[in-house]
Amino acid sequence: MNKTLMLVICDFLLLSMLALARFDPPEAAPEPTLAANAASASAEAELIKLLEESLQSELSSRENLTEDLTSTRQSLQDQARQLAEREAALAAAQSDLTATSERAESLASSKAELEAQQAALAAEKARLEAERAELAERFDRTRGELEAAKSEQVEMANTLGQLREASSVSRERLTQSEGERLKREEELAEREAALKAAEEERARIAAEAEALSRQLDIALSERRMLEENLSREQAEKLNLQREKEAAFARADRLTDGVSELGRGVTRLGQGVTQLGEGVSNLSQTSQAIQEEMEAARPQTMSEIFTRFQNNRASLRFSAQERTFLGGQTERSYESSSIVVEDPSGAHFLVTHTANSPFAFAKNAEGLLAAELTVTLAERRFPVRQIGFLSTDPRILFVPLPERIVAASGLETFPLARQPERWEEAVLVKNDASNFGRTGFRRLTESERFLRMDRPALGQLFAEFASSQGDFAFSKNSRFIGLLTDSQHAVVINDFLASAVLDLGEDFDAGESLNTIERLRERARQLPAPVR
């Protein structure tokens, strides 16, 4: 038994005995009865039993708090390890950004050189054009001289008898003029061939300059994406640091609570009420830690699917489209979604463009009008604006007003900030007809996409087969993203828009066509496996 507790018990018993003892001279009094002695002994036994029970309860509480402190320290070590991994990934991203910047500078230098060459070729072309014009003028002049010589030859033929010598001289001049004309025609042909070759060279250089320009644009886009990823990594690093500091603060509070518990035990004889208050405070701290552990607890597929099924929202697009023969027709597109909450607390609905009139495989010129109606719980309301996700423009999202989300009573699904912490993902069909789980790996070309494993038949629940538009969740019921095809999923970390379209009365068919064409071009720049 603890020496401190033994001293407390002994002091308490000594005080009790002193309180019961009488030191005045004994009076003639009747002998104490057996009942009085028995009552005193029973009171002391109950007091000792009560102290033993209190001591046992405090020892049990102290052991539980020690176990909780050990678990918290283990969690802090795991978070420190994850922070180190994040820092290594951040260093690699910075290295990639530096290499991309150097490549962009090299491409810009090459483009400048090609532009200089193109300007030189343009000057050479202008010079050749001037020489060609001069040769043409000389050719015309020579041809005029030849015609004049022919006229002179006719006249000399009429006066052949009289001007025999003059005719001979004229023939010699004519021969010389013919030789000069042929020579000038050959020079003109050579000049034209050189000009044609220069134009071909200029076209080739222009094509190379255009290709280099596209590569430069792609490199700049990659640089912007790397800068965005670097910013997000730094923000996540800051969040992890804050979580680490908060966890250390909770550990310190737990240590203080354990110390307070020990001091409460030493003051057990002074008041049981103060000890009860200390136990209550420690219970509240333990409850907060338990709630955090509950949030990180993995859930079963059935739990996640039940939560999805009970908190679905529906999207209904109504579109007016032009038919193949030039007429018009009304068409509806329906899909299900969930209320997703981003780190800032804003709420959105997400779906694939294939479930809307803005599918990239459709003819965008045939879309004449579009409307959207959203149903949350029992409430229906129109939506005037939608956005296309910056990470993958094939995913569209709908921002929701906070008051409507609060009034609906639906549970929200936070974004999975670190889906790679789990080895498997839970997939749910858009229409909630089936669900299953599968392993996944991060795509090597981009960290914003995941490649889903294709397990053998029977490893997925109810022979589940993933498809475009399925919802992907982590094992702790956090929303990862949507499947862009049957094998790849886009990881949604935020809801930045690459384009925004107005619907209803503000819908503009021309603006819609231009936007879809621009988004198609942006989708062609995605990594090859997910295009």
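Check the entry above for the structure.
Every chain is numbered independently, its residues counted from 1 as its sequence is written. Only residues with pLDDT of at least 70 are given local features in this predicted model, and only at 80 or more are side-chain atom pairs given and counted; all residues enter the totals for whole chains, interfaces and linings. Heavy atoms from the whole structure form the basis of all side-chain values; hydrogens and water molecules are not counted.

Caption draft 1: Representation of the sheet that holds strand β8 (residues 395-400) within the structure. By the convention used here, strands pair only if DSSP detects at least 2 bridges between them. Helix numbers and strand numbers start at the N terminus; a helix is a DSSP run of H or I with at least 4 residues, a strand a run of E with at least 2. Spatial strand order, β9-β3-β4-β8-β7-β16: 6 strands in an open sheet with mixed pairing. Each end of this open sheet is capped by a strand with a single partner; those strands are β9 (413-414) and β16 (497-502). Contacts: residue pairs with any heavy atoms within 4.5 Å of one another. Axis definition: a line fitted to C-alpha atoms, limited for helices to the stretch in contact. Angles are taken between N-to-C directions and run from 0 to 180 degrees. Along the sheet, helix α7 (residues 509-524) makes contact with β7 (385-389) and β16, crossing β16 at roughly 160°.

Caption draft 2: Seen up close, the packing of aromatic side chains. Stacked, edge-to-face and tilted labels apply to pairs of Phe, Tyr and Trp rings (six-membered ring for Trp) whose centres lie within 6.5 Å, assigned for plane angles under 30 degrees, over 60, and everything in between, in that order. Using the criterion set out here, one finds 11 aromatic pairs in the structure. Taking the centre distance of 4.2 Å and the plane angle of 15° together, the rings of F348 and F495 count as stacked. With a gap of 147 residues between them, F348 in strand β4 (residues 347-352) and F495 in the loop between β15 (488-490) and β16 connect regions that are remote in the sequence. Three labels apply to residues, based on accessible area from a 1.4 Å probe with only protein chains included: buried if under 20% of the type maximum, exposed if over 50%, partly exposed otherwise in between. Classification of F348 as buried rests on a relative accessible area of 9%. Note on F495: relative accessible area 11%, which makes it buried. Seen from their ring centres, F473 and F479 are 5.8 Å apart, and the 65° between their planes marks the pair as edge-to-face. Overall, the relative accessible area of 0% leaves F473 in the buried class. Within the aromatic cluster, the residues linked to one another by ring pairs are F308, F413, F471, F473 and F479.

Caption draft 3: The side chain of T351, seen in detail. For T351, the position within the fold is in strand β4. Among the polar contacts listed, one links the side chain of T351 to the side chain of N355, at a separation of 3.4 Å. Counted as a polar contact is a pair of N or O atoms within 3.5 Å, where, for protein atoms, one must be capable of donating a hydrogen and the other of accepting one, and residues adjacent in sequence contribute only when both atoms are in side chains.

Caption draft 4: How the structure looks around unusual backbone geometry. The backbone of A377 sits at a positive phi, close to 55°, despite the residue not being glycine. Residue position: A377 is located in the loop between β5 (367-376) and β6 (379-383). Positive phi outside glycine occurs at A432, with the angle close to 60°. Within the secondary structure, A432 is located in the loop between β10 (424-428) and β11 (435-442).

Caption draft 5: Just the environment of R442, in detail. Within the fold, R442 resides in strand β11. The exposure class assigned to R442 is partly exposed, which follows from its relative accessible area of 49%. Between the alpha carbons of R442 and P419 there is a distance of 9.6 Å; along the sequence they are 23 residues apart. Among residues more than four places away in sequence, those in contact with R442 are E447, F449 and L450.

Caption draft 6: Representation of the nonpolar core within the structure. We call a set of buried residues a nonpolar core when its members are Ala, Val, Leu, Ile, Met, Phe, Trp, Tyr or Cys and they connect through side-chain atoms within 4.5 Å of each other. In terms of nonpolar packing, the biggest core is built from 60 residues, with F358 and F479 touching the most fellow members. Look past the residues within four positions of F358 in its chain and what remains in contact with it is F317, T353, L367, A370, I386, F388, L501, L503, F507, S512 and I516. Counting 12 residues, the second-largest nonpolar core is a separate cluster that includes A416, A425, L483 and A489.

Caption draft 7: How the structure looks around the pairing of β8. In terms of residue burial, β8 counts as a mostly covered element, since 5 of its 6 residues are buried. Sheet topology places β4 next to β8; 6 bridges connect them, and they run antiparallel. Note on β8: the bridge partner recorded for H347 is L400. Where β7 and β8 come together, 2 bridges link them in antiparallel fashion. Looking across to β8, one finds that G387 is bridged to F397. Taking the residues between adjacent antiparallel strands as the criterion, β7 and β8 are bridged by 5 residues.

Caption draft 8: A look at the pattern of salt bridges. The rule for a salt bridge is simple: a side-chain nitrogen of Lys or Arg has to be within 4 Å of a carboxyl oxygen of Asp or Glu. As enumerated under the stated definition, the model contains 15 salt bridges in all. With its nearest N and O atoms 3.1 Å apart, the salt bridge here joins R520 to E517. With R520 and E517 both in helix α7 and 3 residues apart, this pair spans about one turn of that helix. Since its relative accessible area comes to 37%, E517 is described here as partly exposed. The residue R524 makes a salt bridge to E521 at a minimum N-O spacing of 2.9 Å. Highlighted residues: R524 and E521, both in helix α7, separated by 3 residues, approximately one helical turn. Through salt bridges that share partners, E124, R127 and E131 make up one connected network.

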